[in-house]
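# Remarks on the overall topology
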Amino acid sequence: MKPLRIGMIGYGFMGRTHSNAYSQVNHFFKNEYQPVLQAVCARDKEKVQAFADNWGYASVETDWKQLLKRDDIDVIDICTPNNLHKEIAIAAAQAGKMILCEKPISMNVAEGEEMCSAVEKAGVANMVWYNYRRVPAVTLAKQLIDEGRLGKIFHYRANFLQDWTINADVPQGGAATWRLDAGAAGSGVTGDLLAHCIDTAIWLNGGIKDVTAMTETFVKERVHAETGKKTPVKIDDACSFLCHFENGSLGLFESTRYARGHKALYTLEINGENASLRWDLHDLHRLQYFDYRDDGIVRGWRSIHVSDADQPYMKQWWVPGLQIGYEHTFIHQVADFLKSLETGEPAHPNFRDALETQKVCDAVLQSANHRSWVTI
Ligand SMILES: NC(=O)c1ccc[n+]([C@@H]2O[C@H](COP(=O)([O-])OP(=O)(O)OC[C@H]3O[C@@H](n4cnc5c(N)ncnc54)[C@H](O)[C@@H]3O)[C@@H](O)[C@H]2O)c1
């Protein structure tokens, strides 16, 4: 097997999901390439060493620029807050490294454009971790749509609801709450949560033409974890938008961190002329499907338990009837990336694909600011 030496930057939530994926992928998917946990990088030497020991990384770095200089690293995996994606990705491309970058690709479209130019100029393989495409039930939805089973699509609806920032005492900034600091995150729920919904939507239902949005920041000031001072909150706490897709269907998206009782409720529903689909992250192994062409006496919503060997990704796992979970979506993404290196076919979503999502995010925020429709 050919080693693929990983240098991962950031070891938080995503650092763990990615490390698990690299460790597991070859046990389940046959590939020419084998990820090797070569180095992990973060600023605190003691903490990053503890992470490396736990996951089996061979070495640590405390400065990502040093990591990029090493010639024993093939892939740079960017798992840092959003404000670091651009600088690291461009430098990694210039160093000739393959790049796996967490989503959203960038803080805004201008940064994303620069990142796309850099990887294309360097000719390095690249991918962005929009992992929800690799939930088998969502991949099955894509298959059913591509087979034409839904017919003409009329409606696309998606929500991503959380409730962890309702308390006004939650600070902004710092290690745990950088998502509330516009300087680190770029935006609030739009880039953090809706970006996932938009990526899946474009993949399933095609491009988005125009949007009209509203955003709200319910808690206007929060203590900044780094300075201890109360400072204005500049992220969107909630965002809803309407859109037209290029295929003529209408889109309705909502995300908030103020939906009491919801932790990570990502749902989507697609209504076509012949059939509808519905999916829910809290029950991620099921795809709800209604087909109007069924015989009238048995027509109704069916709940497909996506666990059979002929359903996407599932023959690599256990036996029919046994489901898999969230962490597997990252394993699937690594497996598809390794396959792309073998075949020479680019893995998706790549930087260009992720830039399309970024364009919609920027248009949504612009529309909310100007209270008007914005063409993508
Ligand atoms: N694909 C998904 O579903 C998903 C889910 C969560 C987060 N994300 C994305 O992943 C990225 C990281 O999010 P997270 O939840 O893992 O955050 P996190 O706060 O858990 O981890 C961030 C890591 O970056 C490190 N870091 C920060 N500045 C650094 C620097 N200058 N040099 C080296 N390391 C540095 C921190 O030490 C930490 O280990 C973000 O872009 C986020 O949007 C994606």
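The following refers to the structure shown. In this text, all values refer to a predicted model and were calculated from it rather than measured experimentally.

### Overview of unusual backbone geometry
Cis geometry is found at the peptide bond from Lys-103 to Pro-104, where omega equals -10°. Mapping Pro-104 onto the fold places it in the loop between β5 (98-101) and α5 (109-122). Residues His-348 and Pro-349 are joined by a peptide bond in cis, for which omega reads -5°. Despite not being glycine, Tyr-313 shows a phi value in the positive range, around 70°. Residue placement: Tyr-313 occurs in the loop between β16 (302-305) and α9 (327-343). Residue Tyr-313 is classed as buried on the basis of its relative accessible area, which comes to 17%.

### Looking at the site of the ligand
By nearness alone, 25 residues border the ligand, and Tyr-11, Met-14, Asn-82, Lys-103 and Arg-179 come closest of all. Gly-12 places a main-chain nitrogen or oxygen 3.3 Å from an oxygen atom of the ligand. A distance of 2.9 Å separates an oxygen atom of the ligand from a polar backbone atom of Met-14. Alone, the ligand offers 840 Å² of accessible surface; in the complex the protein occludes 88% of this. According to the grid-proximity analysis, the pocket containing the ligand is the largest pocket. Classifying every residue of the shell around the ligand by side-chain character gives 14 nonpolar, seven polar and four charged.

### Details of the nonpolar core
Ile-99, Phe-241, Phe-253, Trp-279, Leu-287 and Phe-351 are the most contacted members of the largest nonpolar core, which totals 75 residues. Beyond its immediate sequence surroundings of up to four residues, Trp-279 is in contact with Tyr-132, Val-135, Ala-137, Val-138, Tyr-266, Thr-267, Leu-268, Leu-284, Arg-286 and Leu-287. Listed in part, the 35 residues of the second largest apolar core include Ala-21, Val-25, Phe-28 and Ala-335.

### Concerning the layout of surface pockets
Roughly 1,400 Å³ of internal volume is contained in the largest pocket. Considering the residues around the largest pocket, the lining is formed by 45 residues, among which Cys-79, Thr-80, Pro-81, Ala-175 and Trp-178 are closest to the centre. Those elements that place two or more of their residues in the lining of the largest pocket are α1 (13-28) and α8 (189-205). Considering every element that reaches the lining of the largest pocket, the biggest residue donor is α8, with three residues. A class-by-class count of the residues in the lining of the largest pocket yields 22 nonpolar, 13 polar and 10 charged.

### Describing the sheet that holds strand β8 (residues 208-216)
Strands belonging to one sheet form pairs held by backbone hydrogen bonds; the direction of such a pair is parallel or antiparallel. One open sheet holds the nine strands; their spatial order is β16-β15-β14-β13-β7-β12-β11-β8-β17, and the pairing between them is mixed. The two strands at the open ends of the sheet, each matched to only one other strand, are β16 and β17 (374-375). Note: strand β13 (residues 265-272) against strand β14 (residues 275-280), five bridges, orientation antiparallel. If you follow Glu-269 over to β14, its bridge partner there is Arg-278. Seen against the sheet, helix α6 (residues 136-146) touches β13, β14, β15 (286-291) and β16 and runs at an angle of roughly 25° to β15. Of the strands in this sheet, β7 (153-161), β8, β11 (238-245), β12 (250-256) and β13 touch α8, which is tilted by about 155° from β7.

### What to know about empty space enclosed by the protein
For the structure on display, the rule yields three cavities of 30 Å³ or more. By volume, the largest cavity is sized at about 40 Å³. Considering the residues around the largest cavity, the lining is formed by Pro-104, Ser-106, Met-107, Ala-185, Gly-186, Ser-187, Gly-191, Gln-358, Asp-362 and Leu-365. Considering each element in turn, the lining of the largest cavity owes the most residues, three residues, to helix α10 (residues 351-370). The class makeup of the residues in the lining of the largest cavity is four nonpolar, five polar and one charged.

### Examining the sheet that holds strand β3 (residues 59-61)
With respect to topology, six strands assemble into an open sheet ordered β3-β2-β1-β4-β5-β6, the strand pairing being parallel. Strands at the two margins of the open sheet, each flanked by one partner only, are β3 and β6 (126-128). Strand after strand, the sheet turns through a mean of 25° between neighbouring axes, direction not considered. Pairing geometry for strand β4 (residues 75-78) and β5, over four bridges, is parallel. Within β5, the position partnered with Asp-77 by the bridge is Leu-100. Relative to the sheet, helix α4 (residues 85-94) contacts β1 (2-9), β4 and β5, its axis offset from that of β4 by approximately 175°.

### Let's talk about a nonpolar patch on the surface
Taken together, Leu-242, Leu-252 and Trp-373 make up a surface patch of nonpolar side chains, about 290 Å² in accessible area. Along the chain, the position of Leu-252 falls in strand β12.

### A short note on the pairing of β5
Once the chain exits β4 it traverses α4 before rejoining the sheet at β5, and the crossover so formed is right-handed. Judged from the three bridges that link them, β5 and β6 form a sheet pairing that is parallel. Within the sheet, the bridge partner assigned to Ile-99 lies in β6 and is Asn-126.

Parameters and conventions
- Residues numbered from 1 in each chain as written.
- Predicted model: local features only at pLDDT ≥ 70, side-chain atom pairs only at ≥ 80, totals over all residues.
- Heavy atoms only, no water.
- Helix = DSSP H or I, 4+ residues; strand = E, 2+ residues; numbered from the N terminus.
- Buried < 20%, exposed > 50% of the residue type's maximum accessible area, 1.4 Å probe, protein only.
- Near = heavy atom within 4 Å.
- Polar contact = N/O pair within 3.5 Å; in protein donor to acceptor, adjacent residues only side chain to side chain.
- Areas by Shrake-Rupley, 256 points an atom, 1.4 Å probe, with all protein chains shown as cover.
- 1 Å grid on protein atoms, 1.4 Å probe; cavity = no way out; pocket = protein on both sides within 12 Å on 5 of 7 lines; lining within 4 Å.
- Sits in = over half its atoms within 2 Å of the grid points.
- Nonpolar A, V, L, I, M, F, W, Y, C, P; charged D, E, K, R; others polar.
- Core = buried A, V, L, I, M, F, W, Y, C linked by side-chain atoms within 4.5 Å.
- Contact = heavy atoms within 4.5 Å.
- Points joined across faces, edges and corners; volume = space filled by probe spheres on them.
- Pairing = 2+ DSSP bridges.
- Axes fitted to C-alpha atoms, helices over the stretch in contact; angles between N-to-C directions.
- Patch = residues over 30% accessible without salt bridge, like charges linked within 9 Å, V, L, I, M, F, W, Y side chains within 5 Å.
- Salt bridge = Lys/Arg side-chain N within 4 Å of Asp/Glu carboxyl O.
- Right-handed = clockwise from strand over helix to strand, strands pointing away.

From the geometry alone we can't say anything about function, so treat these as descriptive.
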